[in-house]
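Descriptive structure summary
What follows is each chain in one-letter form.
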Amino acid sequence: MNRKIIFFSLACYAAALLLPPVLMHAAALRAPNSAPALQGNGAMPAGAAGAGDILDIYGPLALPEPFPYLLYGAGLLLLVLLAIALWLFLAHRKKRMNDRKPDPAIAALHSLQEAEEGLQRFGIGFFAGEVSRILRSYLEARFSLPATSSTTSEFFANLETSSAQVDMLAQHDNLLRHCLLLCDRVKFSRFLPEQEAVGALARSARHFVEATRPKTLEEG
């Protein structure tokens, strides 16, 4: 629902609540103070005529103070407006925080690009370690899976029995397994793959991230 419609509806509701008390208060202020009523056709009240038809002078009658409807209504309206303003502020702040949240796929793809650029300088071992770290960090950020604190075999064993398993990840299970196992061989077994295999590892890691990234509204 549009925020303007919500604000207008609340304002109308507050006005409907406050209008009757304000009208009653205004009518009470316009009403003149009434003198003691006469009896019959202009006859004085019983006991009003004294000796020599001299009437006592009555002092002003003390009227009860009218209930301050206007004051309380203004206070209630102010509270309603403050509540609406607070709600709009929190909603806007939440939206800004969600907009600032980085896309884990974008971060992973950027890190993979940097790792490829440092391949010639730091070697295959560094590159394999970076690919493994990037993929594990992406898995945790994208699927909330404990990938960085477990070995590759432990991760896939837990993944088979975990309720966090999703269809999208299952569709690319073999691709992810190939990337992580190759990285483990390079890191722990001192395996040196050919240059073509290293390039294939970079392409496979990038393809996995792009295939499992969350789709935007434009992408459907």
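Because the structure is a prediction, the values reported are computed rather than measured.

Glancing now at the nonpolar core. Ranked by internal contacts, the top residues of the largest apolar core, which has 32 residues, are Leu135, Leu176 and Val209. Of all the secondary structure elements, the ones that give two or more residues to this core are helix H3 (104-117), helix H5 (124-143), helix H6 (152-161), helix H8 (173-188) and helix H9 (195-212). At eight residues, H5 tops the list of elements feeding residues into this core. Each residue touching valine 209, except ones within four places of it in the same chain, is listed here: Ala105, Ala108, Leu109, Leu112, Leu135 and Tyr138.

So, about the environment of phenylalanine 188. Topologically, phenylalanine 188 is positioned in helix H8. When the C-alpha positions of phenylalanine 188 and glycine 125 are compared, they lie 9.4 Å apart, and in sequence the two are 63 residues distant.

The residue threonine 212 is located in helix H9 in this model. Taking the relative accessible area as the measure of exposure, threonine 212 reaches 0% and is therefore buried. A polar atom in the side chain of threonine 212 sits 2.7 Å from the backbone oxygen of phenylalanine 208.

Interhelical geometry of H8 versus H9 gives an angle of 135 degrees and a closest axis separation of 10 Å. As judged from the angle between their axes, H8 and H9 are oblique. Crossing of H8 against H9: the hand is left-handed. Across the interface between the two elements, Leu175, Leu176, Cys179, Leu182 and Cys183 of H8 pack against Ala197, Leu201, Ser204, Ala205, His207 and Phe208 of H9.

On to the state of the cysteines. By the definition in use, this model includes zero disulfides. Here cysteine 179 stays unpaired: no disulfide links it, and the sulfur of cysteine 183, its closest cysteine neighbor, is 6.7 Å away. Given a relative accessible area of 1%, cysteine 179 falls into the buried group. Residue classification places cysteine 183 among the buried residues on the basis of a relative accessible area of 0%.

Checked against the element boundaries, serine 150 lands in the loop between H5 and H6. Within the structure, serine 150 has its side chain in polar contact with the backbone oxygen of proline 146 (distance 3.1 Å). Filtering out sequence-adjacent residues up to four positions away, serine 150 remains in contact with Arg136 and Phe155.

What follows concerns H5. When the terminal C-alpha atoms of H5 are compared, their 28 Å separation across 20 residues agrees well with the 28 Å that a helix rising 1.5 Å per residue should span. Listed as buried for H5 are Phe127, Ala128, Gly129, Glu130, Val131, Ser132, Ile134, Leu135, Arg136, Tyr138, Leu139 and Phe143. Directly beyond the C-terminal end of H5, a positive phi value near 55 degrees is found at serine 144.

Let us look at the packing of aromatic side chains. Taken as a whole, this structure holds four aromatic pairs when the rule is applied. Between phenylalanine 122 and phenylalanine 126, the ring centres sit 4.7 Å apart and the planes meet at 45 degrees, which makes this aromatic pair tilted. In this structure phenylalanine 126 comes out as partly exposed when scored by relative accessible area, which is 33%. Here arginine 177 stacks its cationic end above the ring of phenylalanine 156, 4.1 Å away from the centre of that ring.

Scoring rules and cut-offs
Residues numbered from 1 in each chain as written. Predicted model: local features only at pLDDT ≥ 70, side-chain atom pairs only at ≥ 80, totals over all residues. Heavy atoms only, no water. Core = buried A, V, L, I, M, F, W, Y, C linked by side-chain atoms within 4.5 Å. Buried < 20%, exposed > 50% of the residue type's maximum accessible area, 1.4 Å probe, protein only. Helix = DSSP H or I, 4+ residues; strand = E, 2+ residues; numbered from the N terminus. Contact = heavy atoms within 4.5 Å. Polar contact = N/O pair within 3.5 Å; in protein donor to acceptor, adjacent residues only side chain to side chain. Axes fitted to C-alpha atoms, helices over the stretch in contact; angles between N-to-C directions. Parallel < 35°, antiparallel > 145°, perpendicular 65-115°, else oblique. Left-handed = near helix turned anticlockwise from the far one by under 90°. Disulfide = S-S within 2.5 Å. Expected span 1.5 Å × (residues − 1). Phe/Tyr/Trp six-rings, centres within 6.5 Å; stacked < 30°, edge-to-face > 60°. Lys NZ or Arg CZ within 6 Å of the ring centre and 35° of its normal.

Treat this as a map of the structure, not an account of what it does.
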